[in-house]
Amino acid sequence: MPDPISANQVAIESGTSLGKDAWLRLKKNKFAVLGLFFFIFVTLLCFITPLIPGLLADPDSTDLPNRGLPPGEGGFLMGSDSLGRDLFSRIIYGGRVSLGVGFLATLVSLTIGTVYGSVSAYVGGRTDSIMMRIVDILYALPFMIIVIILTTFFGNELWLLFLAIGAVEWLTMSRIVRGQVLSLKKQEFVEAARSLGLSHANIIFRHILPNTVGPVIVYTTLTVPAVMLLESVLSFLGLGVQPPAASWGSLIKEGADHMRTSPWLLAFPSLFFSLSIFSLNAVGDGLRDALDVRASKD
Amino acid sequence: MDQTRYILSRLGQSLLALFCIITITFFIARLAPGGPFNDDKAVPAHIQAKMEAYYGLDKPLPVQYIKYIGNLLTGDFGSSFGNKGFTVAEVIAQGAPISLAIGLGGLLFALAIGIPLGTLAASRKNTKTDYFSMSFAMLGICIPTFVVGPLLAIFFGLRLGWFNAWGWFQPTDWILPSLTLGIYYGAYIARLTRGGMLEILGQDYIRTARAKGVSQFNILFGHAFRGGIIPVVNFLGPALAGLISGSFVVETIFGLDGLGQHFITAATNRDYPLILGTVFFYAVLIITVNFLVDLLQVWLNPRLRAARA
Amino acid sequence: MIPKFLFLSLTLASLSFSSCSKTSRVAEATANKHLLLANGSEPKALDPALVSAVGDANIMRALFEGLVANHPSSDTIVEPGVAESWSSNDEFTVWDFKLRKDAKWSNGDPVTAGDFIYSYHRMLHPELASPYASMLWFIKNAEEFNREEISDFSKVGLESSSDHDLRITLKNPAPFFLQVLKHTSWLPVHQPTIEKFGTMTDQFTLWQRPGNHVGNGPFKLDSWKINRSVEVTPNPHYWDRDIVKLKKISFFPIPNEYTEERAFSDNQVHNTYTVAPSLIPFYQKHHPELIKIEPYAGSYFYRVNVNQKPLDDPKVRRALALAIDRKSIVEQVTLGGQIPATAFTPPSETGYSPDPRISHDPEEARRLLAEAGYPGGKGFPEINLTYNTQDSHRNIAVSIQDMWRRELGIGTINLLNQEWKVFQATIIDEKYDIARAGWIGDYTDPTTFLNMWRPGETNNNTGWANEVFAEALESASYLSDPNARFEKLREAENILMDDLPIIPLYWYTRVYLKHPDIVNWDPLILDNHPYKHIDLVSASEQKN
């Protein structure tokens, strides 16, 4: 039984739940469905195939005489890297790292950024000023040194990786959400909800945030690739996945150095990375449309 | 009157934020292992101690801090440890014009790529045009700058010979680095523009305008544009600060002596005064652009204007 | 619509550009005798007392000249510099230098023996805190003065009977002293200039700036822009100015090896500082005339923390060392023609070569490991192999980790990469198990490689303190007969190689790209090319 005075209920004439309604609309978007399937396929590929024994070559086992072989040669599906390791196998194992980090860290930054930005804008006044100046301060602090210090004191811990990535990525998110909420909070439906005496939390989370979903989804899908690449930068500072283990970011970086001599080392990891991000964005766009309450009336 | 008070209070807050940034940076920079004077071949301990004494690093940290703040108030940022014989102000002043040229060029490319693509995609939602322009934009995000840069340098520099692949000698040397930056930021802007425009195009007043028979062009640029680019404007703050303060990757690829190098090398050299100098520069930049963005947002959003008046 | 427009604009653009062909910067520079050098990283200073990096030393050799100078094609021949002649006593402990009368500073002042004494006084002064002051500790009482054990500089073994006579008295016999003198730490500075902008011991003052800078080398400072270039032009007062052929040298700091290769391919610079391993086979195949691979006095090795279990057992260290296939590393990973190390000191034309003490012997390695209590790698504790972040270090470490796993069954070695300064702190604090290291010789004598392993030396950092080794070096330092001395040093090196606080991997080579226009640039083991001999002649003219 939904809340009797929910604005959602006003919006959804059919009476189905918001989620179910959105799913129905998402299913109609072929591009988004395709993206979703591809994304699930890549995720399964990365997480399931390594579990099947004997299917993939050891991603860390070097084979110096067979280094730098182009795709197809010497039994390497996608060629071998400069130390003779199987590139396909490294991409699959690397995908586990990148997809895992990409999602978890994005989730962290999404949660912090949305809550922080919306509270700041909604409350407004002095609180908004203080909260936004804190964001300014965090923006300006030298990220690299902070990462170096954190790794020195706490060692190379996984939670530290998420903390470090989350700590930078939520800032822009919070500013985007704040901007959206600022423009929403003076709108009629918010005034109406307020005059009905709803709690602030209720207003923020049930009435305002659903309306910021468009830009938030878009920025979230942009954050995922940024986070994946940031992961490889952090590994240079000694935080996160350490060699010989790979991630898509580190494979692309290595491939970039070999682009003139062994272009496949750049092409294949980039292909996996790009296609995953493309399909993720298709899903994101579809989701945005599906959740856009007003547009659905067209 | 109200406007002046708002600006003044914002200025006060910003100074306080700046002070916090400097203070935090001062202390955390010292926490990082390794000092400015250990080098490839380690120097004897007594020499190390003398060097630290010469730069006042042997004094208690609070004493150094007070001295630093005192100097800062007189406009003295100290001397760089990494670039011996240059003051921090000189180092930043040498790099700033190049970073500014590359950054503004990058912004130009980013807006020129991002806004038309995003608007086009939004106006033809879920058509081939939409998919094509968004895929094109996504390439800019999926192919990181450390791949785009060398590719552009190799293709336009080495293959076609249109531009220099390296260096800062000719008036055209800003184009490839700016383009590298522009492709990346342009992709963000395209996606955010599309999202923002779609948000606005779904609103009642647009529907009303459409019902009245207003042309698509007028709807897009007359009615929707102002509200539609709000997410872009919010993104622009940090993006602009990032563009102007220079990009380490792009500078390294094209051999430019901008500020981006100093942000990284100051940290890797443990060049404390330069770390503080670059952080100060960046902080002023980010605070200023975020302030401008907030003003711009009020201007773009009539409701906020009404609320503040 | 968009692709069509894009295509059209690209075509238009290509038409408008392709009509004008670009004159290459290098061709123009060669015609103007302007040498464009990629020089690694940005110089820390232009003061010979304060620099330590190899790239900085290159600029120093253009701006200053010491008592003796480098020969353009030989490492052993000593060229006269400010000193036109010299002699030593039979024990090689007292050296007399006769300074030429026409040696001038770039402002026209004469270079005198007093200038050298002033410079060495400054270099050794504890308050200046020169990072390379220890290079001057060869002089009698210099170390004591530098360590503030004596405060009277007149006790240090430097004296001059006239403006043109300098006598240097050494602590111990040093038949190789003239080689040491080629190092940048022995270059003189101009007293009036130093003191115009500060005191003798002020670390960095405005004297290093273009316009203020005064040197006595074949070139003088023209401009210095941070991260862009240092440019030098001929010094009109240089005594040997007629031999100087170049009109200008630009030193560009290009720290990224891929960037400098693109700059070279684009004809923006005459050389590269180094070549990325992945590009070496490419150049060998397509442009063998451009790539140079030359022996270099450097040793790449792993430090082993001998206080850490199980590495405190010499058998474990030897097992690890013998399990490494160095030939594969140099031929398949580093690719630059490096030489698999059989000891620590790289062989050179000085006549010293160490006894080969380590090789690739997996059988013996497994036997030793079993003897140490880890048969087949069983029970081997988890240890870290630490290296500073760089692709080549990573690739070597990954390969060696895999060799240890395959040959010895040790699967418990973790790779750990650290940012450069963090890495240095880790080494100095000896908080590592095994760590990557490299050492470049300062002069052509084995002591530049061996002295650092004495107990308590600043760069030892392994926890290894072997008194027998120290005594062998000590007794070698009193020997003035070169052969007897080398024999004793070899004995010391064998002790080092039997105990293995370090695992040598390979001896360096210098790998770089060089434009054919550069003339008189010949292979040198320390890579110290005297710029006054170098010339630029376009390749087509060279054939005529």
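Keep in mind that this is a model prediction, so the values were computed, not measured. (Residues numbered from 1 in each chain as written. Chains lettered and ligands numbered in written order. Predicted model: local features only at pLDDT ≥ 70, side-chain atom pairs only at ≥ 80, totals over all residues. Heavy atoms only, no water.)

1. Digging into the overall build of chain B
Within chain B, the regular secondary structure consists of 14 helices and 0 strands. Projecting the C-alpha coordinates of chain B onto the three principal axes gives extents of approximately 85 × 60 × 30 Å. When each of the 309 residues of chain B is scored for burial, the buried share is 58%. Counting only contacts in chain B whose residues sit at least 6 apart along the sequence, the fraction spanning at least 24 positions is 73%. In the structure as shown, chain B presents an accessible area of about 12100 Å², 69% of it carried by carbon and sulfur atoms. (Helix = DSSP H or I, 4+ residues; strand = E, 2+ residues; numbered from the N terminus. Buried < 20%, exposed > 50% of the residue type's maximum accessible area, 1.4 Å probe, protein only. Contact = heavy atoms within 4.5 Å. Areas by Shrake-Rupley, 256 points an atom, 1.4 Å probe, with all protein chains shown as cover.)

2. Some words on the sheet that holds strand 9 (residues 229-234) of chain C
In sheet architecture, strand pairing relies on hydrogen bonds along the backbone and comes in two forms, parallel and antiparallel. All names here are of chain C. The 4 strands are arranged 1-10-9-8 in an open sheet whose pairing can be described as mixed. Whereas interior strands pair on both sides, the edge strands pair on one side only; in this sheet they are strand 1 (34-38) and strand 8 (219-225). The sheet shows a mean angle of 20 degrees between the axes of neighbouring strands, direction not considered. As defined by bridge partners, strand 9 adjoins strand 10 (residues 248-252) across 3 bridges and the pair is classed as antiparallel. Paired with Glu 231 across the bridge in strand 10 is Ser 250. Lying on the sheet, helix 3 (residues 54-63) is in contact with strand 8, strand 9 and strand 10; it crosses strand 8 at an angle near 140 degrees. (Pairing = 2+ DSSP bridges. Axes fitted to C-alpha atoms, helices over the stretch in contact; angles between N-to-C directions.)

3. Re the environment of Arg122(C)
For Arg122(C), the position within the fold is in helix 4 (residues 113-124). Among all residues touching Arg122(C), those that are not within four sequence positions of it are Asp47(C), Ala49(C), Leu128(C), Val189(C), Ile194(C), Met200(C), Asp202(C) and Trp207(C).

4. Regarding the interface of chain C and chain B
With 57 residues of chain C at the contact, the number on the chain B side is 56 residues. Taking both partners together, chain C and chain B bury about 5000 Å²; carbon and sulfur atoms supply 60% of that area. Our count for the contact surface shared by chain C and chain B stands at 5 salt bridges. A salt bridge links Arg209(C) to Glu90(B); the nearest nitrogen and oxygen atoms lie 2.7 Å apart. Taken together, the connections running from chain C to chain B amount to 17 residue pairs in polar contact (both at pLDDT 80 or more). Put simply, the parts of the chain that give the side of chain C that touches chain B at least two residues each are helix 1 (2-18), strand 8, helix 8 (257-265), helix 14 (420-428) and strand 15 (434-440) of chain C. Taken together, the residues that form the side of chain C that touches chain B break down as 26 nonpolar, 15 polar and 16 charged. (Buried area = accessible area lost by both parts, 1.4 Å probe. Salt bridge = Lys/Arg side-chain N within 4 Å of Asp/Glu carboxyl O. Polar contact = N/O pair within 3.5 Å; in protein donor to acceptor, adjacent residues only side chain to side chain. Nonpolar A, V, L, I, M, F, W, Y, C, P; charged D, E, K, R; others polar.)

5. What about helix 3 of chain C?
Because each turn of an α-helix spans 3.6 residues, side chains separated by three or four positions end up pointing in the same direction. Residues and elements named next belong to chain C. With 9 of its 10 residues buried, helix 3 lies for the most part within the structure. Those residues of helix 3 that fall on the buried side of the exposure criterion are Gly 55, Asp 56, Ala 57, Asn 58, Ile 59, Met 60, Arg 61, Ala 62 and Leu 63. Its buried side turned inward, helix 3 meets strand 2 (68-70), strand 8, strand 9 and strand 10.

6. Details of the interface of chain A and chain B
Often, the extent of an interface is quoted as the loss of accessible area upon association of its parts. Chain A puts 55 residues into the contact, and the matching count from chain B is 62 residues. Both faces combined, the contact of chain A with chain B buries some 5300 Å², and carbon together with sulfur accounts for 67% of it. At the boundary of chain A with chain B, the tally comes to 4 salt bridges. Summed over the shared surface of chain A and chain B, the number is 10 residue pairs in polar contact (both at pLDDT 80 or more).

7. Here's the deal with the environment of Thr201(C)
Structurally, Thr201(C) is set in the loop between helix 7 (191-196) and strand 8. Separated by 221 residues in the primary sequence, Thr201(C) and Val422(C) have C-alpha atoms spaced 30 Å apart. Thr201(C) has contacts with Tyr54(B), His125(C), Glu127(C) and Leu128(C), leaving out every residue within four places of it along the chain.

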